Amino acid sequence: MIPIHAYAGQRVGVLGLGRSGLATARALAAGEATPVCWDDSETAREAAAAEEFEIAEIHRPREAEGLDALIVSPGIPHLYPEPHRAVVLAQENAIPVDNDVGLFFRAMADYEPDDDGPEPKIIAVTGSNGKSTTTALIHHVLDAAGRHTQMGGNIGRGVLDLDLPGPREIIVLELSSYQTELARTLAPDVAVFLNLSPDHLDRHGGIGGYFAAKRRLFEAGAPEQAIIGVDEPEGRYLASILDAPVTISAKIRLRGETRTVFMNKNHLTEWRGKQIAAIDLRDSPALVGAHNHQNACAAYAACRAVGVAPRQIETGLLSFPGLAHRMERLGTVRGIPVINDSKATNADAAEKALLSYDRIRWIAGGLPKEGGIAPLQPLFDRIAKAYLIGESAAAFAATLGETPHVISGDLETATRSALDEAEDGDVILLSPASASFDQFPSFEARGDAFRALVAPHLDPTERDQEASP
């Protein structure tokens, strides 16, 4: 845990009592503040009360006026589409509003390890797609290189659940737009921007607000080293207004005098007036496709920024096992690869998977998102057949038109049909392009269900590997 001492002796509201909210309350209490907690869910309030935290209706004027600060969990709106009443009252009473990420960076700015040595470093990763994989990949490369490292934020442990770092330690954070837009303090040593595509637009008041939330990591955060993906216009703009960023690309050969990292066919290439290093990514089965090539370029640049040598990075890239539910290879059935991409909850994320294979038995659908799968129409010629599930099945069927498809309804039926009908040269791909909440509590639960459905059918050698510890 990272104690928060900035509010010692004060009463601090904690709005939202999920994973990050409870961690915030514990960190404030460890720093001798009094957390005053609220969640609209009675179950969440009971969980906090069980830890003996004070519960109060801080969305009501009398309770709100007694607070010295309000810490808001990422999932709770503070502006769009409509701010939570507790946030409105805090703003009306000039009470500072922050989140756990802001508290984390404020605490780290004042923190000095007991042992002598270089101060810890913080790498922060943001973007619309690929940030979880990139964060996990950076963490894996650092660990493989023998560096002390922790990973958290929007992946793994909450930022205040991390341990106080020692000298030379590197903390790698995945930060969503929900986390960067409200944090009063942002101070990463290295900040990574991968890409931008429309998402969470209701929360940010449109694409401009969404981009602005991402940009705060580089403008308010002022990192020592910015690493910017330039395969979209927003990235090119961001790179143009920053001082000496490292630019990365999976599509463009960025040859020039500045430091760049890009893909030259299958080779990840570091360039600074000349080629510094090159890594053949064909030897990394977990880094397939242009989207993973961008993730690898970002991870390489971030690790170089904290002093890891190219050969050490290469070892880490080639040994990366991949991220669960994101282009996760489950094995083969009759020699046919089966891929779990349950984390693809929108069309842009599913596009990355569809671009990676030539003939696909595609399991898609769930709780629909705006735009559906219309943006994927140029890739429909890659689909041998689609097996549609969930609330979006009928709409997806209409968009698919003449592309072979069937409305399966549920994941079990779709998986069974895809396994029965797949032929040599096919890939069976779960990449829903939809949220999971119509039939599953999370994309993780959906991916776990798919894995369990596939496991009995895996080829014998693959089953043996699944059973190994």
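Fair warning: this is a prediction, and the values are worked out from it, not measured in the lab.

A. Seen up close, the sheet that holds strand S9 (residues 190–193). Taken in spatial order, the 9 strands make up an open sheet running S7-S8-S6-S9-S10-S11-S12-S13-S14, and their pairing is mixed. In this open sheet, the two edge strands, each paired with only one partner strand, are strand S7 (149–153) and strand S14 (275–280). Direction aside, the axes of adjacent strands within the sheet are offset by 20° on average. With 5 bridges joining them, strand S6 (residues 121–126) and strand S8 (residues 170–174) adopt parallel strand pairing. Among the inter-strand pairings, Ile123 is bridged to a residue of S8, identified as Val172. This element, helix H9 (residues 207–219), spans S6, S9 and strand S10 (225–229) of the sheet and lies at about 155° to S9. In this fold helix H10 (residues 233–241) packs onto S9, S10 and strand S11 (246–249), with an angle of close to 155° to the strand it touches most, S10.

B. Layout of the nonpolar core. Within the largest apolar cluster, 49 residues are counted, with the highest numbers of intra-cluster contacts made by Phe104, Leu173, Phe218 and Ile228. Per element, the largest residue contribution to this core is 6 residues, and it comes from helix H5 (residues 100–110).

C. Molecular detail of helix H6 (residues 131–144). Over its 14 residues, H6 runs 20 Å from end to end, which matches the ideal 20 Å to within 8%, given 1.5 Å per residue. Turning to H6, its buried residues are Lys131, Ser132, Thr133, Thr134, Thr135, Ala136, Leu137, Ile138, Val141 and Leu142. Looking at the buried side of H6, the elements it contacts are S6, S7, S8, H9, helix H11 (290–305) and helix H12 (310–319).

D. Structural context of the side chain of Thr345. Considering the arrangement of structural elements, one finds Thr345 in the loop between strand S16 (336–340) and helix H13 (347–354). Judged by relative accessible area, Thr345 falls into the buried class, the value being 18%.

E. Up close: the sheet that holds strand S3 (residues 54–55). The sheet built from 5 strands is open, its strands ordered S3-S2-S1-S4-S5 with parallel pairing. Taken across any chain shown, the strands that pair with only one partner, and hence form the sheet edges, are S3 and strand S5 (97–98). As paired strands, strand S2 (residues 34–38) and S3 are joined by 2 bridges and run parallel to one another. Residue pairing in the sheet places Cys37 in a bridge with Ile55 of S3. Against the sheet, helix H4 (residues 85–92) engages strand S1 (11–15), strand S4 (69–72) and S5, with an angle of about 150° to S4.

F. Fine view of the environment of Met263. Among the secondary structure elements, Met263 is positioned in strand S12 (residues 260–264). What makes Met263 buried here is its relative accessible area of 5%. Sequence separation between Met263 and Pro61 is 202 residues; the distance between their C-alpha atoms is 56 Å. Leaving out residues up to four positions away in the same chain, Met263 has contacts with Ser249, Ala250, Arg253, Leu268, Leu281, His293 and Cys297.

G. Main features of the packing of H9 against H10. The interhelical angle for the contact between H9 and H10, taken along N-to-C directions, is 30°, at an axis separation of 12 Å. In terms of axis orientation, H9 runs roughly parallel to H10. Considering only the axes of H9 and H10, their crossing is right-handed. For the pair H9 and H10, the contacting residues are Phe211, Arg215, Phe218 and Glu219 in the first and Glu234, Tyr237, Leu238 and Ile241 in the second. For the contact of H9 with H10, the class distribution of residues is 5 nonpolar, no polar and 3 charged.

The rules behind each value
Residues numbered from 1 in each chain as written. Predicted model: local features only at pLDDT ≥ 70, side-chain atom pairs only at ≥ 80, totals over all residues. Heavy atoms only, no water. Pairing = 2+ DSSP bridges. Helix = DSSP H or I, 4+ residues; strand = E, 2+ residues; numbered from the N terminus. Axes fitted to C-alpha atoms, helices over the stretch in contact; angles between N-to-C directions. Contact = heavy atoms within 4.5 Å. Core = buried A, V, L, I, M, F, W, Y, C linked by side-chain atoms within 4.5 Å. Buried < 20%, exposed > 50% of the residue type's maximum accessible area, 1.4 Å probe, protein only. Expected span 1.5 Å × (residues − 1). Parallel < 35°, antiparallel > 145°, perpendicular 65-115°, else oblique. Left-handed = near helix turned anticlockwise from the far one by under 90°. Nonpolar A, V, L, I, M, F, W, Y, C, P; charged D, E, K, R; others polar.

Limitation: the analysis is restricted to geometry and does not speak to function.
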